[in-house]
Amino acid sequence: MVAYKGADCRVMRTLFFPSNISRIPVVSFGRQSSLKAYSAKMELSITRPDDWHLHLRDGDVLNAVVPHSAHHFGRAIVMPNLKPPITTTAAAVAYREAILKSLPADSDFNPLMTLYLTDTTSPTEIKLARESQVVFGVKLYPAGATTNSQDGVTDLFGKCLPVLQEMVEHNMPLLVHGEVTNPEVDMFDREKVFIEMVLRPLVQKFPRLKVVMEHVTTMDAVKFVESCTEGSVAATVTPQHLVLNRNSLFQGGLQPHNYCLPVLKREIHRQALVSAVTSGSKRFFLGTDSAPHDRRRKECSCGCAGIYNAPVALSVYANVFEKANALDKLEAFTSFNGPEFYGLPRNNSKVKLSKTPWKVPETFSYASGDIVPMFAGEMLDWLPSPL
């Protein structure tokens, strides 16, 4: 079973991914990016993007998926929710070495590591992480919120207080999975409730703590991030939450490859996210939340949450900005806002996005099975390639 088959697939693709394009004049966006058009073909050259929220897994899956991210992105913030989780600097360094060994020989992809916050994380570990120069954030998973989060935080404002204070001192960002896990809270309201119960009090208590609200999904999250001081609170936005709404989980039957956490939301929230990322605001930047799972673990009675979008992410983002008549703002979202927030330089290399239709593979095979990508078997309009 693969998402987006038959008539429903064609309807969804027509809604978000129109295949026809009229002739347009040559357009220049100055030093930020350049767009060329001739006949019916467009090409866009942008600074090489980074992925500020990425799951690479380990073992055979790592070997299978890391080349896809390395092909498109210069750097990536790598999530620490392995089994066992990456809770120490030493483990982060070892995981980074495993990633580097899995890269193609000619790749200069740079994995930026994170620590998995627990109730027992020590302030000393934060100091070690900063001194390592390979750890760039600490990930807050509320216990039970998503894949491999069972070891996450249960007492943020109690047991984790000394760690948060140490993070402020070392300018270490807190990367937040923003959902409550109370079973009495509706699945579609968990982000909104988290903002009011956890995130707003956190920002008020630690105004100098840098916070990234990861994979935001709602109008409420957009409004919250926009209400905070620029440079202290930011948000990553995924491809799936920009082009899919919760109908995409059920149209034509249950669609397991569209299931992720945070779960897809109403259309009004999708539109709010599109408006936010295409506005030119520095508070929002690219974070795919690409999360590979074996096909058998998605297509089962209790399927895993996660969408594998690394091979298609840049194509999807480009289409979103094109439809919003905001291609001139794409480069800031993909390539400038993230480095600025993290205090890192922009990449020196470029990528080219060509208006050239291409077909997404149905699956990617690896040693133990298959991984189904987002928009498997479908045609996308923008083809990325290195320059």
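Residues numbered from 1 in each chain as written. Predicted model: local features only at pLDDT ≥ 70, side-chain atom pairs only at ≥ 80, totals over all residues. Heavy atoms only, no water.

- As recorded by an unreviewed UniProt entry, the protein carries the name Dihydroorotase, mitochondrial and is attributed to Anisodus acutangulus.
- Under Sequence similarities (unreviewed entry), UniProt gives the following word-for-word description of the protein: "Belongs to the metallo-dependent hydrolases superfamily. DHOase family. Class II DHOase subfamily."
- Under Catalytic activity (unreviewed entry), UniProt gives the following word-for-word description of the protein: "(S)-dihydroorotate + H2O = N-carbamoyl-L-aspartate + H(+)". (UniProt positions renumbered as here; feature names shortened; annotations may be inferred.)

## Some words on the environment of V216
Stage number 1. Here V216 shows up in the loop between β9 (211-213) and α7 (219-227).
Stage number 2. Residues V216 and V176, spaced 40 residues apart in sequence, show a C-alpha to C-alpha distance of 9.9 Å.
Stage number 3. Look past the residues within four positions of V216 in its chain and what remains in contact with it is E191, A221, A235, T236, V237, H241 and L273. (Helix = DSSP H or I, 4+ residues; strand = E, 2+ residues; numbered from the N terminus. Contact = heavy atoms within 4.5 Å.)

## Observations concerning the pattern of salt bridges
Stage number 1. Summed over all chains, the structure comprises 12 salt bridges.
Stage number 2. Residues E299 and R295 are paired through a salt bridge, measuring 3.0 Å at the closest nitrogen-oxygen approach.
Stage number 3. Where K350 meets E331, a salt bridge forms, and the shortest distance between an N and an O atom there is 3.9 Å. With K350 in strand β12 (residues 350-354) and E331 in helix α12 (residues 330-342), this residue pair connects regions lying 19 residues apart in the sequence.
Stage number 4. The exposure class of K350 is partly exposed, given its relative accessible area of 31%.
Stage number 5. By relative accessible area, E331 is classed as buried at 0%. (Salt bridge = Lys/Arg side-chain N within 4 Å of Asp/Glu carboxyl O. Buried < 20%, exposed > 50% of the residue type's maximum accessible area, 1.4 Å probe, protein only.)

## Here's the deal with helix α5 (residues 161-169)
Stage number 1. Taken together, the buried positions of α5 are occupied by V163, L164, M167 and V168. Burial along α5 is one-sided: seen end-on, the buried residues are contained in an arc of 145 degrees.
Stage number 2. Looking at the packing, one finds that the buried side of α5 touches α4 (123-132), β7 (135-140), β8 (174-176) and α6 (190-205).
Stage number 3. Phi turns positive, to about 50 degrees, at N171, one or two residues after α5. (Arc of directions from axis to C-beta.)

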